[in-house]
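Descriptive analysis of the structure
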Amino acid sequence: MVTVRPCQHQDIAALQTHIPTPGQPARHATRFERQQDGQSTFLIAWLDNRPVGAGEIFWNGCTAPEINKHYPTCPELNGLDVWPPELRSHGIGTALISAAESLVRQRGFHHIGLGVDDENSQAAALYLRLGYQETGLRYLDRYQYTDNDGNLYDIADPARFLVKQLHP
Ligand SMILES: CC(C)(COP(=O)(O)OP(=O)(O)OC[C@H]1O[C@@H](n2cnc3c(N)ncnc32)[C@H](O)[C@@H]1OP(=O)(O)O)[C@@H](O)C(=O)NCCC(=O)NCCS
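Describing the packing of aromatic side chains
Taken as a whole, this structure holds three aromatic pairs when the rule is applied. Cation over ring: Arg107 sits above Trp59, and NZ or CZ is 3.8 Å from the ring centre.

Here it is, written out as structure tokens:
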């Protein structure tokens, strides 16, 4: 049975062992630091004492300015991932989303948003099924990636922003 809870300091080593972050070696640690700063909550899904997925709630909304100006008070669920791929389609992603929605509701927010890249129609299908709705807002999902030779790349993937209304 899958359980979902916020990351603790001692989880970082297990995350590094079990959930690869190609091109972003400090990704888990950076997400944990943001949580410790109060900017986010870094949720981890566990199965049989092993981390099998993660997602992060950005309490100050989507970091893309073109979205934040429209939804400044809408927390964003960011960087959802289930690993390894054989464990996808078994409800772990839904468990992470549901845990995020509960936390957002508990803090008194009425909406939660998330971005989905244009290429990711499978993930979009899941979000729409779970009640996320089109906002019509598009943006560039920006992040950095380092290749095996240490070269740093700035990536900007076209994406759209979906929002779900949360009922108390
Ligand atoms: C998207 C993702 C987090 C969903 O988690 P999950 O545990 O597979 O989701 P659930 O089992 O709760 O729901 C399954 C649904 O997710 C969707 N899905 C999205 N990407 C998928 C993938 N790579 N493999 C399987 N299902 C996927 C499908 O609609 C699927 O429905 P189906 O089982 O009826 O085909 C997970 O599939 C994943 O890590 N994908 C790769 C990374 C990614 O795309 N992240 C989202 C960024 S916006």
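Some words on the environment of Leu130
By the element assignment, Leu130 lies in the loop between helix H5 (121-129) and strand E6 (133-146). Among the residues examined, Leu130 registers a relative accessible area of 25% and is labelled partly exposed. Separated by 33 residues in the primary sequence, Leu130 and Ile97 have C-alpha atoms spaced 9.0 Å apart.

Here we look at the environment of Leu96
Residue placement: Leu96 occurs in helix H4 (residues 92-106). In this structure the C-alpha to C-alpha distance between Leu96 and Pro158, which are 62 residues apart in sequence, comes to 24 Å. With near-sequence residues (within four places) excluded, Leu96 lies in contact with Val4, Leu43, Ile44, Ala45, Gly53, Ala54, Gly55, Leu80 and Asp81.

Observations regarding the nonpolar core
Grouped together as the largest cluster of nonpolar side chains are 23 residues, with contacts concentrated most on Ile57, Leu77, Ile112, Tyr127 and Tyr132. Taken together, the elements giving at least two residues each to this core come down to strand E2 (40-47), strand E3 (50-58), strand E4 (76-82), H4, strand E5 (111-117) and H5. It is H4 that contributes the most residues to this core, six residues altogether. The residues touching Ile57, leaving out its near neighbours within four places in the chain, are Gln39, Ser40, Thr41, Leu43, Pro75, Glu76, Leu77, Ala100, Leu103 and Val104.

So, how was this worked out
Residues numbered from 1 in each chain as written. Predicted model: local features only at pLDDT ≥ 70, side-chain atom pairs only at ≥ 80, totals over all residues. Heavy atoms only, no water. Phe/Tyr/Trp six-rings, centres within 6.5 Å; stacked < 30°, edge-to-face > 60°. Lys NZ or Arg CZ within 6 Å of the ring centre and 35° of its normal. Helix = DSSP H or I, 4+ residues; strand = E, 2+ residues; numbered from the N terminus. Buried < 20%, exposed > 50% of the residue type's maximum accessible area, 1.4 Å probe, protein only. Contact = heavy atoms within 4.5 Å. Core = buried A, V, L, I, M, F, W, Y, C linked by side-chain atoms within 4.5 Å.

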